[in-house]
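# Structural features, examined
This is what each chain is made of:
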Protein chains: 2
Amino acid sequence: MRIGRVARGADATPRLVAVAPEGLVDLVTADIALSMRRGVTREAATRVAEAKFPGSLTTALDRGAGVLLEEAAAALASFDERALIPFDEAVFLPPANPRVLRCCSAFEEHARNGFSRLGRDVPATFYEFPPYYKGSPAGLIGHRAPVRWPGYTQSMDYELEFALVMGSGGTNLQPEDAASHIFGVTVMNDFSARDTQSREAGQGLGPAKAKDFATALGPWITTLDELDIHSLPMIARVNGVEWSRGSSSTMTWLPEELVAYLAYGEELLPGDVIASGTVGKGCGMELGKELAPGDIVELEIGGIGTLTNQLGRPETSGWRPVPRRQFAGGTS
Amino acid sequence: MRIGRVARGADATPRLVAVAPEGLVDLVTADIALSMRRGVTREAATRVAEAKFPGSLTTALDRGAGVLLEEAAAALASFDERALIPFDEAVFLPPANPRVLRCCSAFEEHARNGFSRLGRDVPATFYEFPPYYKGSPAGLIGHRAPVRWPGYTQSMDYELEFALVMGSGGTNLQPEDAASHIFGVTVMNDFSARDTQSREAGQGLGPAKAKDFATALGPWITTLDELDIHSLPMIARVNGVEWSRGSSSTMTWLPEELVAYLAYGEELLPGDVIASGTVGKGCGMELGKELAPGDIVELEIGGIGTLTNQLGRPETSGWRPVPRRQFAGGTS
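Residues numbered from 1 in each chain as written. Chains lettered and ligands numbered in written order. Predicted model: local features only at pLDDT ≥ 70, side-chain atom pairs only at ≥ 80, totals over all residues. Heavy atoms only, no water.

The name an unreviewed UniProt entry gives chain A is Fumarylacetoacetate hydrolase family protein, with Amycolatopsis acidicola as the organism.

Below, the structure written as structure tokens:
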């Protein structure tokens, strides 16, 4: 099954949707109709439908991924046209709204190309554990949403990635247990301000302003049973021209290993998002290219779909820090 | 005012509390009594009280910090003993449950001592913008909660910090606007696995497993009007012995500047937490000391209170990554 989120109606209410051949099925509207055909009043049907299919996927998954998929399948099996949203009319939200967004670096080729630009080899630790940083859930945007261009960057890039969405939580998991905890997979574009990322690198705290302004997810989540996550074809196009092509088969760290490592000594939660990291040659930095305002970036992953976003114009407001004078004293 | 969160009752329901001299006041219970004295039925009073004072501070702040404080003041003005929780009986939750947890490094002395251990000077960029990384909201624990000790570390440390809690969101703010967006301040202990942090440093993605297992906040949030955030006295004790003493007056980047910088080109949200970074000599690493299983760490900040947490025993389960062989090919 394919599950997403859209903003619906005049007040842009977040709604869970399932994907049908004809379009997106609003699960609340479909479930209300299903109950009313059984003689339930609209008021009671609405109360239950909104409880079963909240606008937050994380809240829905807190009841269990199996329960959600079973109830979504029932609604999908008998929806009428009032529940159907044509693909081209949908206002997409990020399909997941995680409590924690973890962004890994699991593709050696991307790491090698990135470090080589700094005149360095891939650190030996890359082969000892999967490196990652945490993104900002507040920066998540959906399919077709515009990408803000912060005033502090003149060097904008995309990153071609896929993202796992956790269906259930857990801690100290083993790779062989991981698949049963994964709800599905979506496409992710980890937009990056490269000039900012270079300035932040020396601090040892990882990317921050370089990443948090926007991270695109979508268009929807394909459940794990419909995919072979070990050979997902991945393609990036900029303004219709192919820039990147790769496959999840080239990962140094497997998706199940990422889940197990991230659950080591801490708690993963339902709805959490785990990004794969950029596939080899999956960003402009590796190709010696940059994005421009207004560029349209399409990321396509076989078995899921195509995530499309257009870059906005550079912003002019915001506080530019006033440099500080270094403290005169020595080390204390 | 001082606002916190506790787990109450057999099902450990999260409840917002306000601090009174005699103890913690459960705002839902107090508000129900207030409405019932006005003739409202218990059922109706409960429905409204739970809507006004949800267990999530972030959800409460989405209605506006002013509204929350006004309604809390009314409940606090006339509570009866059923709403009162003695301090020593309270099960504290982290007072904030942010959508995004940002951890800055605003104290030059801590940066200098940290980099000097690596034989390096503080990077010039430290004086150009305030560096930060994002923590994991899933790792937040409250006052008196035990601290898990992940199986991957043999080097545990504390970090003496304070944390701002945003009362309202915003983007592209200026420092002079920042104070009006800050709800209050709490004490934060950013527990750190130093051996893991060293291994992660070379990857350029910042601390991850080194930090995410546990971050303590509490015991409660003191609203900004009751504090001078530019001269907060900060003290750390381990097993009753003072290890660290400092002040927020030594910050290179002021709290208002941190808010403005973090809002630059991205959206801050109500309830978001912004940590100050470690005050100079505010952790064992700067003192050549480490924590041991069972140690009790108390962090005290004048005008707020004391955050106490005890370290657990090292865990033995979890997946230790199997090292990978480096790819033979060159840079592509």
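## Description of the UniProt feature "domain: Fumarylacetoacetase-like C-terminal" (unreviewed entry) in chain A
UniProt marks residues 105–311 of chain A with the feature "domain: Fumarylacetoacetase-like C-terminal" (unreviewed entry), using the numbering shown here. Helix makes up 14% of residues 105–311 of chain A and strand makes up 33%, while its end C-alpha atoms are separated by 24 Å. (UniProt positions renumbered as here; feature names shortened; annotations may be inferred. Helix = DSSP H or I, 4+ residues; strand = E, 2+ residues; numbered from the N terminus.)

## Focus on the relation of the copies chain B and chain A
Taken as rigid bodies, chain B and chain A are interconverted by a rotation of 180° and an axial shift of 0.0 Å, the fit giving an RMSD of 0.0 Å. Taken together, the turn and the small shift mark the pair as related by a two-fold rotation axis. Of every C-alpha in chain B, the one belonging to Gly206 of chain B sits nearest the axis of rotation, 1.9 Å from it. With an isologous cut-off of 70% or more, the 100% of interface residues of chain B that recur at the interface of chain A puts this contact in the isologous class. (Least-squares fit on C-alpha atoms with pLDDT ≥ 70 in both. Contact = heavy atoms within 4.5 Å.)

## Section: the layout of surface pockets
In this structure, the second largest pocket encloses a volume near 1,000 Å³. What lines the second largest pocket is a set of 37 residues, among which Pro98 and Arg99 of chain A together with Asn97, Pro98 and Arg99 of chain B lie closest to the centre. Taken together, the elements giving at least two residues each to the lining of the second largest pocket come down to helix H3 (57–61) of chain A together with strand E1 (2–8) and helix H3 (57–61) of chain B. For the lining of the second largest pocket, the residue count by class is 22 nonpolar, 8 polar and 7 charged. (1 Å grid on protein atoms, 1.4 Å probe; cavity = no way out; pocket = protein on both sides within 12 Å on 5 of 7 lines; lining within 4 Å. Points joined across faces, edges and corners; volume = space filled by probe spheres on them. Nonpolar A, V, L, I, M, F, W, Y, C, P; charged D, E, K, R; others polar.)

## Structural notes on the interface of chain B and chain A
Quite often, the size of an interface is put as the accessible area lost when its parts meet. Tallying the contact residues gives 76 residues for chain B and 76 residues for chain A. Taken together, the connections running from chain B to chain A amount to 6 salt bridges. Among the ionic pairs, Asp212 of chain A bridges to Lys134 of chain B, the shortest N-O distance being 3.0 Å. At the level of secondary structure, the elements contributing two or more residues to the side of chain B that touches chain A comprise helix H5 (108–117), strand E7 (132–134), helix H7 (194–201) and helix H8 (255–262) of chain B. (Salt bridge = Lys/Arg side-chain N within 4 Å of Asp/Glu carboxyl O.)

## Brief notes about the packing of helix H1 (residues 27–37) of chain A against helix H2 (residues 42–52) of chain A
Residue and element names in this part refer to chain A. Axis separation between H1 and H2 bottoms out at 8 Å; the angle between their running directions is 140°. Taken together, H1 and H2 sit at an angle that is classed as oblique. As for how H1 packs across H2, the hand of that crossing is right-handed. Touching Val28, Asp31, Ile32, Ser35 and Met36 of H1 are Arg42, Ala45, Thr46, Ala49, Glu50 and Lys52, all from H2. In terms of residue class, the contact of H1 with H2 is built from 5 nonpolar, 2 polar and 4 charged. (Axes fitted to C-alpha atoms, helices over the stretch in contact; angles between N-to-C directions. Parallel < 35°, antiparallel > 145°, perpendicular 65-115°, else oblique. Left-handed = near helix turned anticlockwise from the far one by under 90°.)

## Overview of unusual backbone geometry
Residues and elements named next belong to chain A. Here the amide bond leading from Gly218 into Pro219 is cis, since omega sits at 0°, within 30 degrees of zero. Inspection of the secondary structure puts Pro219 in strand E15 (residues 215–223). A positive phi angle, near 60°, is found at Lys281, a position not held by glycine. As for its position among the elements, Lys281 is in the loop between strand E19 (273–275) and strand E20 (296–301). Overall, Lys281 belongs to the partly exposed group, its relative accessible area being 34%. (Buried < 20%, exposed > 50% of the residue type's maximum accessible area, 1.4 Å probe, protein only.)

## Some thoughts on the pattern of salt bridges
Side chains that differ in charge, positive against negative, can pair when their charged atoms come close. All names here are of chain A. Applying the stated criterion across every chain yields a total of 40 salt bridges over all chains. Close ionic contact of Arg8 with Asp26 constitutes a salt bridge, the shortest N to O distance being 2.8 Å. Here the residue Arg8 occupies a position in strand E1 (residues 2–8), and Asp26 occupies one in strand E3 (residues 23–26), the gap between them amounting to 18 residues. Exposure remark for Arg8: the relative accessible area of 25% places this residue in the partly exposed category. Judged by relative accessible area, which is 0%, Asp26 ranks as buried.

## Considerations on the pairing of strand E3 (residues 23–26) of chain B
Residue and element names in this part refer to chain B. Where strand E2 (residues 13–20) lies against E3, 4 bridges are found, and the strand directions are antiparallel. Residue pairing in the sheet places Val17 in a bridge with Asp26 of E3. Remark: 2 residues form the turn of the hairpin made by E2 and E3, two consecutive strands paired antiparallel. The pairing of E3 with strand E4 (residues 84–85) spans 2 bridges and is antiparallel. Paired with Val25 across the strands is Leu84, a residue of E4. (Pairing = 2+ DSSP bridges.)

## A short note on the domain arrangement of chain A
Residues and elements named next belong to chain A. Taken as a whole, chain A is organised into domain 1 (2–92) and domain 2 (101–311). Taking the mean C-alpha position of each, domain 1 and domain 2 sit 29 Å from one another. Domain 1 puts 16 residues into the contact, and the matching count from domain 2 is 17 residues. Regarding the contact of domain 1 and domain 2, the summed buried area is about 1,300 Å², with carbon and sulfur atoms giving 62% of it. When residues of domain 1 are sorted by the area they lose upon contact with domain 2, Arg2, Leu61 and Phe92 head the list and together hold 50% of the total. On the surface where domain 1 and domain 2 come into contact, there are 0 salt bridges. Our count for the contact surface shared by domain 1 and domain 2 stands at 5 residue pairs in polar contact (both at pLDDT 80 or more). Mapped by element, the contributors of at least two residues to the side of domain 1 that touches domain 2 are E1, H3 and helix H4 (65–77). (Domains from an automatic or database assignment. Buried area = accessible area lost by both parts, 1.4 Å probe. Polar contact = N/O pair within 3.5 Å; in protein donor to acceptor, adjacent residues only side chain to side chain.)

## A look at the side chain of Glu161 of chain B
Residue and element names in this part refer to chain B. Here Glu161 is to be found in strand E11 (residues 160–166). Buried and unpaired, Glu161 has Lys211 as its nearest opposite-charge partner, separated by 5.4 Å. Contacts of Glu161, omitting those with residues within four sequence positions, involve Val187, Met188, Asp190, Met234, Ala275, Ser276, Gly277, Thr278 and Ile301. (Lys, Arg positive; Asp, Glu negative; His and termini not counted.)

## Overview of the sheet that holds strand E16 (residues 233–238) of chain A
Residue and element names in this part refer to chain A. Within the open sheet, the 5 strands sit side by side as E9-E21-E20-E16-E17. Their pairing is mixed. Two strands close off the open sheet at either side, each with one partner strand: strand E9 (147–149) and strand E17 (241–247). The mean angle between the axes of side-by-side strands here comes to 20°, regardless of whether they run parallel or antiparallel. Summarising the sheet, E16 and E20 pair through 5 bridges and their orientation is antiparallel. Each bridged residue has a counterpart across the sheet, and for Arg237 the counterpart in E20 is Glu298.

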